[in-house]
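Summary of the model geometry
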Amino acid sequence: MATAELASERESDYLSQLTMAAARYENRTAQRERNRTVLETRGVLYADAPERVEKRLARLGADWAMARAIERTPTEPPSSAGSTLQLPPEAFTGEVLGLERIIGRNNLAPVAFLEEGFQVSRSVGRVTITGPGGGHGTGFMVSPSLLLTNNHVLRTPEDANRSRVAFAFQDGVDGGPLVPAVFALEPQRFFVTDRALDYSLVAVAPRGTQGEALSSFGRLVLSEAQGKVIIGEFVNIIQHPRGEPKQIALRDNQIVDVLERFLHYESDTREGSSGSPVFNDQWEVVALHHSAVPKTDDQGRPLSVDGSVWRPDMGDQQLAWRANEGVRISRVLSALHEVSLTGEAARLRDEVFTTGLTPAPVESAPPMPMPTADGDSSQVGADGSRAQARAKAQEQAQGLLSPVADGAAQLTIPLRITVGFGIPSVSSAASVSSAGLLASVPTLAPTPTAAPQPSAGRTDVVSAVEKDVDAALINHRLARERPYHDRAADAAAREAYYASVDTGDGDALRRALTALLEETHTPQPRYKPMRLVYPWVDLHKDGRLRSIYSGKDFSPEELIRADAAVAEARLARVQELLLQESTAGPAEFEAEFDALEASMPFNCEHVVPQSWFAKQEPMRGDLHHLFACEVGCNSFRGNFPYFDFPDFEEAVRDDCGMRESVGFEPVNGKGAVSRATLYFLLRYPAQVGDAAREFPEDRLPVLLQWHESEPVTEYELHRNAAIAEIQGNRNPLIDHPEWAREIDFSGVWP
């Protein structure tokens, strides 16, 4: 028998679960009240941690620029008459609608929402425990063979052995009951339980008592990824309350708090049913419902509706409750990874982490494409590590290959690095190449191997990039409806931003500005120029983009599509790398990864080169030092520090500027890049100048000279205001040019 149980010091019977849930809820009262205040005064995007909100936006195919555009649009809250945005119907996507719903600007839902809900409901069944101490609960299929429910529903293999699960125990469209399909549970094949997290995972017989196929009821794909739900969102629960026919609480529970292992959600109706799946609006499972949060007396004991101390024999209907608690599904999956299993049990466990499977088609509706964590349907190892590594690498590639603390450099899977870089075959590649927006990519000498087969994920790659392009173009359309620079509003924002800054002393001024820039830098968007730089931030007043160094102009769509072509090629190459098998380790993969980015750059310049801060966030995505720049000039500058050549005007130079071993001087944009660099020095002290060829302290006069010789323009005022809307902080050298000579910059170098 394959049985594994994680030890827990606490008894986890239902009364214990209630008591502990009540204690957790009580201990979070102050945080919960803070969340409510933020929800009421600022909205859903600000109550949760910024990094969680950004992941939620990314999961919706949105970003902070789009979110800010929706927030800025005047409307009567909430709207039931369609989108509040001035977009043509063909540009209005499901991602926009999903974001509007979260923010509270649109309470409509696409018709597919109901069809998808019906599809996922098929995988939810009523669990019946027969014999002494029996009862009912809810469970749901999470793999072709395994059902997930609560530990306090199925505590032991013996409980599971005398239990059944019934699917389709519900009323039909005519109001009459359907004939349920009843299946035996098979704990002798698989049973894992965890009292602390209150989950049990058990095998289900492949055939029902009347010969029904278990596969016809599909499964719910689970994801460890964050960003599935944030504080303030409403969730849906499909359940069998008190063993009754299947029912749904539709957008009736609002998330009010996120704990390390649990979610708290409140409703004006009733508590959920033990073992029920809790869904977001995209029908992704976000939690395993496990307990009501009861009202308690001064000794912490649950109370009944008549005010007396509640006892289990009174039944759930007599419990006085005030909220619901669910176990975060990511924590269930993380714990499941740690269970030591072998043989058939390990294989069954690993099926939970195999994504890309969908419920079986139903005659009344088309099959639903199920959400996946990483789009990879390959086999995972016995401990799930391969699936985790692939998910991390794919997530990094989806984010346009931004290295993160737990990113691809930590891959522990074997890889064969056989990369041949080339221009992707997207429809826009030819046109953007002629404009100098795509690099001439060299082919690296590959390791001898058999001819590679076409990537199975190629369609997914194109789809992911197309979503980015669509979102970027929507951001640009929204930007065209806005005034380029509202001087009065910007002046008021500037005055409020620096209200507490004391300018009396140069060193104190620097320290105050550094603290202000760091404190107000929220959220911290990740590096994605096609979404955040080209559509609005870097536009000139004529609606065009201009290369910061050469001055060449481009339409936003040109650069968006050019970067999309690069992104598609990068994603495809990453997928090919992950599909290869060899003994290449993290260091080799990181080197190939860096070569990939260097060979396929975007049309965006970091005025402080990425190598100076090891491509780390938030520096990499900080919009204040990102500018449109065709790949030719981007590569020409490289990571050379800025330098002022005495004979610059007479020298023979490239269209981008002049470069020698001592540094680089651009043809255009000296004032803008100097102020962006000075901002970076203030925002990230000690990040620049700690290695050879980085900007040394003795070249500060170059930046100050460029700053004074080219005054702040309306273009920079627009950029500063647009960036402040997205990431919260401002550039002091644009707002107060006079401070350049007052600030003591000596403390910004290591």
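Please read all numbers here as calculations on a predicted model, not as lab measurements.

**Comments concerning the overall build of the protein**
Regarding its fold elements, the protein presents 22 helices and 20 strands. Out of the 750 residues belonging to the protein, those deemed buried represent 57%. Across the protein, contacts joining residues at least 24 apart in sequence account for 72% of those joining residues at least 6 apart. For the protein, the exposed surface amounts to about 30500 Å²; the carbon and sulfur share of it is 51%.

**Let's talk about the state of the cysteines**
Here a disulfide denotes one covalent bond, and it connects the sulfur atoms of two cysteines. Applying the stated criterion across every chain yields a total of one disulfide. Each disulfide pairs two cysteine sulfurs, and for Cys 633 the partner residue is Cys 656, the sulfurs being separated by 1.9 Å. Disulfide Cys 633 to Cys 656: torsion about the S-S bond roughly -85°, handedness left-handed. Of this pair, Cys 633 sits in helix H18 (residues 631-637) while Cys 656 is found in the loop between H18 and strand S19 (657-660), placing the two residues 23 residues apart along the sequence. With relative accessibility at 1%, the residue Cys 633 sits in the buried group. We note that Cys 629 lacks a disulfide partner, and the nearest cysteine sulfur, in Cys 633, lies 5.0 Å from it. Here Cys 629 falls in the buried class, since its relative accessible area comes to 1%.

**With respect to the pairing of strand S6 (residues 181-184)**
Side chains of S6 alternate between two faces, with Ala 181 and Phe 183 buried and Val 182 and Ala 184 left unburied. Relative to S6, strand S5 (residues 163-167) is paired through four bridges, and the arrangement is antiparallel. Bridge pairing in S6 links Ala 166 to Val 182.

**Here we look at the pattern of salt bridges**
Taken as a whole and judged by the stated rule, the model has 37 salt bridges. The shortest N-O distance in the salt bridge between Arg 28 and Asp 257 comes to 2.7 Å. Taken together, the residues Arg 28 in the loop between helix H1 (14-27) and helix H2 (29-41) and Asp 257 in strand S10 (residues 247-258) connect sequence positions 229 residues apart. Exposure remark for Asp 257: the relative accessible area of 1% places this residue in the buried category. Its salt-bridge partner being Arg 531, residue Asp 468 comes within 2.4 Å of it at the nearest N-O pair. One end of the pair, Asp 468, is in helix H12 (residues 458-480); the other, Arg 531, is in helix H15 (residues 529-537), with 63 residues separating them in the sequence. Assigned by exposure class, Asp 468 and Arg 531 land together as buried.

**Remarks on the environment of Ser 334**
Within the secondary structure, Ser 334 is located in helix H8 (residues 329-338). Counting along the chain gives 110 residues from Ser 334 to Glu 224, while the straight-line C-alpha distance between them is 7.4 Å.

**Focus: the packing of helix H19 (residues 670-683) against helix H20 (residues 700-709)**
Running from amino to carboxyl end, H19 crosses H20 at an angle of 130°, the nearest separation of the two axes being 8 Å. Classified by the angle between their axes, H19 and H20 sit oblique to one another. Taken as a pair, H19 and H20 cross one another with a handedness that is left-handed. Listed contacts from H20 to Lys 670, Gly 671, Val 673, Ser 674, Arg 675, Thr 677, Leu 678 and Leu 681 of H19 are Leu 700, Leu 703, Leu 704, Trp 706 and His 707. Here the residues of the contact of H19 with H20 sort into seven nonpolar, four polar and two charged.

**What to know about the sheet that holds strand S13 (residues 285-294)**
Taken in spatial order, the six strands close into a barrel running S9-S10-S11-S14-S13-S12, and their pairing is antiparallel. When the angles between neighbouring strand axes are averaged without regard to direction, this sheet yields 45°. The sheet contacts of H8 involve S13 and strand S14 (321-328), and relative to S14 the element is tilted by about 40°.

**Some points on the pairing of strand S8 (residues 199-203)**
Most of S8 sits out of view: five of its five residues are buried. Burial of S8 is two-sided: the residues Tyr 199, Leu 201 and Ala 203 facing one way and the residues Ser 200 and Val 202 facing the other way are all buried. Where strand S4 (residues 146-149) and S8 come together, four bridges link them in antiparallel fashion. Residue pairing for S8: Leu 146 is matched across the bridge by Ala 203. Judged from the four bridges that link them, strand S7 (residues 191-194) and S8 form a sheet pairing that is antiparallel.

**Focus on helix H4 (residues 64-72)**
The α-helix advances 3.6 residues per turn, and as a result positions three or four apart in sequence lie on the same side. With seven of its nine residues buried, H4 lies for the most part within the structure. Burial in H4 covers these residues: Trp 64, Ala 65, Met 66, Ala 67, Arg 68, Ala 69 and Ile 70. Two or three places before Ala 65, at the start of H4, stands the capping residue Asp 63, its side-chain oxygen 3.1 Å from that residue's backbone nitrogen.

**Some details on helix H21 (residues 714-727)**
In a regular helix each residue adds 1.5 Å, so 14 residues correspond to 20 Å; H21 covers 20 Å between its end C-alpha atoms and thus fits that length. Within H21 the residues assigned to the buried category are Tyr 715, Glu 716, Leu 717, His 718, Arg 719, Asn 720, Ala 721, Ala 722, Ile 723, Ala 724, Ile 726 and Gln 727. Elements that come into contact with the buried residues of H21 comprise H4, helix H13 (487-497), H15, strand S18 (626-628), H19 and helix H22 (732-735). Looking one or two residues beyond H21, the residue adopting positive phi is Gly 728, at roughly 90°.

**Here we look at the environment of Met 658**
Mapped onto the secondary structure, Met 658 falls in strand S19. C-alpha of Met 658 to C-alpha of Phe 643: the two residues are 15 residues apart in sequence and 9.2 Å apart in space.

**Quick notes on unusual backbone geometry**
Cis peptide bonds are those with omega within 30 degrees of zero, and the linkage from Thr 522 to Pro 523 qualifies with 0°. Within the secondary structure, Pro 523 is located in the loop between helix H14 (506-519) and H15. Of note, the amide linkage connecting Glu 617 to Pro 618 takes the cis form, showing an omega dihedral of 5°. Of note, Pro 618 is situated in the loop between strand S17 (604-606) and S18. Unusually for a residue other than glycine, Trp 283 sits at a positive phi of about 60°. Tracing the sequence through the fold places Trp 283 in the loop between strand S12 (277-279) and S13. Positive phi outside glycine occurs at Lys 615, with the angle close to 60°.

**With respect to a nonpolar patch on the surface**
A contiguous nonpolar surface patch, about 290 Å² in accessible area, is contributed by Leu 114, Ile 248 and Leu 250. Within the secondary structure, Leu 114 is located in helix H6 (residues 112-121). Note on Leu 114: relative accessible area 60%, which makes it exposed.

**Here's the deal with the side chain of Asp 159**
Along the chain, Asp 159 falls in helix H7 (residues 157-161). For Asp 159, a relative accessible area of 13% translates into the label buried. Apart from the residues within four sequence positions on either side, Asp 159 is in contact with Ile 129 and Leu 154.

How each quantity is defined
- In this numbering scheme, every chain counts its residues from 1 along its sequence in written order.
- Owing to the predicted nature of the model, reporting of local features is limited to residues with pLDDT of at least 70; listing and counting of side-chain atom pairs is limited to 80 or more, with chain, interface and lining totals taken over all residues.
- To obtain the side-chain values, all non-hydrogen atoms of the structure were included, while hydrogens and water were left out.
- Under the scheme used here, helices are H or I runs from DSSP no shorter than 4 residues and strands are E runs no shorter than 2 residues, and both carry numbers assigned from the N terminus.
- Relative accessible area decides the class of each residue, using a 1.4 Å probe on protein chains only: under 20% of the type maximum gives buried, over 50% gives exposed, and in between gives partly exposed.
- Note on contacts: a residue pair is in contact if any heavy atoms of the two residues lie within 4.5 Å.
- Computed by Shrake-Rupley with a 1.4 Å probe, the accessible areas treat only the displayed protein chains as cover when residues are assessed.
- Two cysteine sulfur atoms make up a disulfide if the distance between them is within 2.5 Å.
- Note on pairing: DSSP must find at least two bridges between two strands before they are called paired.
- The term salt bridge refers to a side-chain nitrogen of Lys or Arg lying within 4 Å of a carboxyl oxygen of Asp or Glu.
- Every axis in this analysis is a line fitted to C-alpha atoms, fitted for helices over the stretch in contact. Angles between the N-to-C directions lie between 0 and 180 degrees.
- Roughly parallel covers angles under 35 degrees, roughly antiparallel covers those over 145, roughly perpendicular covers 65 to 115, and oblique covers all other angles.
- Each crossing is labelled by how the near helix is turned from the far one, with a counterclockwise turn of less than a right angle marking it left-handed and a clockwise turn marking it right-handed.
- Any residue outside Ala, Val, Leu, Ile, Met, Phe, Trp, Tyr, Cys, Pro, Asp, Glu, Lys and Arg is labelled polar, Gly included; the first ten of those are nonpolar and the last four are charged.
- For this analysis, a polar contact is any N or O atom pair within 3.5 Å, provided that within protein one partner can donate a hydrogen and the other can accept it, and provided that sequence-adjacent residues contribute only side-chain to side-chain pairs.
- Working rule for helices: expected span equals 1.5 Å times residues minus one.
- For patch building, the residue pool is restricted to those with more than 30% relative accessible area and no salt bridge; the joining distance is 9 Å between like charges and 5 Å between nonpolar side chains (Val, Leu, Ile, Met, Phe, Trp, Tyr).

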